[in-house]
Amino acid sequence: MVTITYFFQGASLDVDNIPKPILDALNGVVYSDDSQVTDLLCRKRNLSGDLRIPQPSALLLESLSRSEQFLHIVVTGASRQEVAH
């Protein structure tokens, strides 16, 4: 599972245009091929908005303090092969 959060200020990208180049860039680095990715969560958050981030890492807090756009990417094993309803 890949979770991508795009933190931005001002104009932002369309959320559907964010994951493809990132998944392709992780080929051969994080996984053999992005066809291995079974789950994807992609979101965008305005740095000027009311952000609520439970238990942020030190690196995420540091990035947020800069008030510049950035990507936060987390790769984990998918929990189950379920279909949400």
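Right, let's walk through the structure included here. (Residues numbered from 1 in each chain as written. Predicted model: local features only at pLDDT ≥ 70, side-chain atom pairs only at ≥ 80, totals over all residues. Heavy atoms only, no water.)

### Quick look at the environment of Thr-38
Then, in step 1: With respect to the helices and strands, Thr-38 occurs in the loop between α1 (19–25) and β2 (40–46).
Then, in step 2: Note: C-alpha distance between Thr-38 and Gly-77 (39 residues apart in sequence) is 9.1 Å.
Then, in step 3: For Thr-38, the residues in contact, after removing those within four places along its chain, are Ala-78 and Gln-81.
Then, in step 4: Separated by 2.7 Å, the side chains of Thr-38 and Asp-39 make a polar contact. (Helix = DSSP H or I, 4+ residues; strand = E, 2+ residues; numbered from the N terminus. Contact = heavy atoms within 4.5 Å. Polar contact = N/O pair within 3.5 Å; in protein donor to acceptor, adjacent residues only side chain to side chain.)

### Observations regarding the layout of surface pockets
Taking a probe equal in size to a water molecule and rolling it over the atoms shows the remaining empty space.
Then, in step 1: By volume, the largest pocket is sized at about 260 Å³.
Then, in step 2: Along the walls of the largest pocket sit 14 residues, with Thr-5, Phe-7, Arg-43, Ile-53 and Leu-60 positioned nearest its centre.
Then, in step 3: Of all the elements in the fold, those that place two or more residues in the lining of the largest pocket are β1 (2–8), β2 and β3 (70–75).
Then, in step 4: If one sorts the elements of the lining of the largest pocket by residue count, β1 sits on top with three residues.
Then, in step 5: Residue composition of the lining of the largest pocket, by class: seven nonpolar, four polar and three charged. (1 Å grid on protein atoms, 1.4 Å probe; cavity = no way out; pocket = protein on both sides within 12 Å on 5 of 7 lines; lining within 4 Å. Points joined across faces, edges and corners; volume = space filled by probe spheres on them. Nonpolar A, V, L, I, M, F, W, Y, C, P; charged D, E, K, R; others polar.)

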